[in-house]
Amino acid sequence: MKIGILGSGTVGRSLAQGFQGKGYEVLIGTRDPEKEELKAWKAAGGHIASPSETAQSADVAILATAWSGAKPVIDLAGKDAFSGKLLIDVTNPLEFGQSGPELSVGFSASAGETVQSWLPEARVVKCWNIITAAFMCDGSYEGGRLDMFIAGNDETAKKQVAGFLDEFQWNCHDLGGIDQSRILEPFAMLWIRYGVKNQIWNHAFKMVRK
Ligand SMILES: NC(=O)c1ccc[n+]([C@@H]2O[C@H](COP(=O)([O-])OP(=O)(O)OC[C@H]3O[C@@H](n4cnc5c(N)ncnc54)[C@H](OP(=O)(O)O)[C@@H]3O)[C@@H](O)[C@H]2O)c1
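What counts and what doesn't
- Residues numbered from 1 in each chain as written.
- Predicted model: local features only at pLDDT ≥ 70, side-chain atom pairs only at ≥ 80, totals over all residues.
- Helix = DSSP H or I, 4+ residues; strand = E, 2+ residues; numbered from the N terminus.
- Rg over C-alpha atoms; globule rule 2.2 N^0.38 Å.
- Buried ≥ 20, exposed ≤ 12 C-beta atoms within 10 Å, placed from the backbone.
- Contact = placed C-beta atoms within 7 Å.
- Expected span 1.5 Å × (residues − 1).
- Arc of directions from axis to C-beta.
- Pairing = 2+ DSSP bridges.
- Right-handed = clockwise from strand over helix to strand, strands pointing away.
- Near = placed C-beta within 6 Å.
- Nonpolar A, V, L, I, M, F, W, Y, C, P; charged D, E, K, R; others polar.
- Core = buried A, V, L, I, M, F, W, Y, C linked by C-beta atoms within 7 Å.
- pLDDT = per-residue confidence, 0-100.

A. The arrangement of the overall build of the protein chain in detail. Helix and strand content of the protein chain: 7 helices and 11 strands. The C-alpha radius of gyration of the protein chain comes to 16 Å, within 12% of the 17 Å expected for a compact globule of 210 residues. A principal-axis box enclosing the C-alpha atoms of the protein chain has dimensions of 45 × 40 × 35 Å. The 210 residues of the protein chain split such that 41% are buried. If you take every contact in the protein chain between residues at least 6 apart in sequence, the share linking residues at least 24 apart comes to 71%.

Right under this line is the structure:
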């Protein structure tokens, strides 16, 4: 199975390594194949391609761009490339104000729903937006598992994502349709705000039952 990752930032590279480590064929889609950040990936034999080639050849696509790059990269790839495919949306719709990162949409809209509306034929599942890139492919914690929440309209697509999460040692909790991104994106802000305020970046969510 080929995983095509759009965006070569911290998230894209971390997911690429994680999926490759599990034996998947991975392609990072980038606008700039010569960028410094991709040197280590390429030196280790990792594959890169244009966003369009990546989306077209992927069995499963992952949207791992800055929010400002989400629509541009989809335009570069072409809508048809995503038709019928699982597209995992890792983005948070952040803008950077004077007091740091803030959500640019919310309450009655979300990035997840927006991506789904741009790509009605894709099966969009929100996942991994509430954890730092470094831990996305490792949900293990003290002999147990951390918790990840997902949202999407397609049950089969969510089952596939649940399978990936299981491989990466996460507990998976399905919140419902892609509109539940309205909950998951502010939830990411809780993670971000805690990090900014305390300058701690290794925190993660774990549910307990009392
Ligand atoms: N960093 C984290 O720990 C973390 C955790 C959870 C969720 N997220 C979310 O995951 C996403 C990726 O995070 P990141 O930290 O990896 O982001 P990033 O470094 O800011 O950007 C990732 C990639 O987006 C692509 N991009 C940016 N502008 C673009 C444009 N106009 N057109 C096409 N592509 C564009 C670039 O890829 P190319 O230059 O290769 O084309 C860039 O490397 C963000 O939405 C973020 O909010 C991040």
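What follows picks up the thread again.
B. Up close: helix α6 (residues 155–167). The end-to-end C-alpha separation of α6 is 19 Å, in line with the 18 Å expected for 13 residues at 1.5 Å each. Looking at α6, one finds that the buried residues are Ala157, Lys158, Val161, Phe164 and Leu165. Buried residues in α6, looked at end-on, bunch into an arc of 115°, giving them a common side. Away from its buried face by more than 90 degrees, α6 exposes Glu155, Thr156 and Gly163. Looking at the buried side of α6, the elements it contacts are β5 (86–89), β8 (123–126), β10 (144–152) and β11 (170–174). Note on α6: the residue one or two positions beyond its end, Gln169, has a positive phi of about 70°.

C. Spatial organisation of the pairing of strand β2 (residues 25–29). Counting buried residues in β2 gives 4 out of 5 residues, a clear majority hidden from the surface. Of the pairings in the sheet, the one linking strand β1 (residues 2–6) to β2 comprises 5 bridges and is parallel in character. Along β2, the bridge assignment pairs Ile3 with Val26. Traced from β1 through helix α1 (residues 10–21) to β2, the parallel crossover comes out right-handed.

D. Molecular detail of the site of the ligand. Within the structure, the ligand sits among 24 residues, and Ser8, Gly9, Thr30, Thr65 and Gly69 are positioned closest to it. For the shell around the ligand, the element with the most residues is helix α4 (residues 67–77), which contributes 5 residues. Considering only residue class, the shell around the ligand consists of 9 nonpolar, 13 polar and 2 charged.

E. Looking closely at unusual backbone geometry. The backbone of Gln169 sits at a positive phi, close to 70°, despite the residue not being glycine. Take Gln169: it is sitting in the loop between α6 and β11. A positive phi angle, near 50°, is found at Gln199, a position not held by glycine. Tracing the backbone shows Gln199 in the segment after α7 (181–198).

F. Focus on the pairing of strand β6 (residues 94–97). Inspection of the sheet shows β6 paired to strand β7 (residues 100–103) by 4 bridges, in the antiparallel sense. For Glu95, the partnering residue across the bridge sits in β7 and is Glu102.

G. Inspection of the nonpolar core at higher detail. Counting 56 residues, the largest nonpolar core has Ile5, Ile62, Leu63 and Ile88 as the members making the most contacts within it. Residues contacting Ile62, with those up to four places away along its chain left out, are Ile3, Ile5, Leu6, Leu15, Ile88 and Val90.

H. Looking closely at the confidence of the model for the protein chain. Taken over all residues, the pLDDT of the protein chain has a mean of 97, while the share at 70 or more is 100%. Considering each helix and strand of the protein chain separately, the mean pLDDT is smallest for β7, with a value of 91, and largest for β5, with 99.

I. Expanded view of the environment of Phe168. Checked against the element boundaries, Phe168 lands in the loop between α6 and β11. Judged by the 22 C-beta atoms lying within 10 Å of it, Phe168 falls in the buried class. For the pair Phe168 and Phe19, spaced 149 residues apart in sequence, the C-alpha to C-alpha distance is 9.0 Å. Setting aside chain neighbours within four positions, we find Phe168 in contact with Gly18, Cys137, Asp138 and Gly139.

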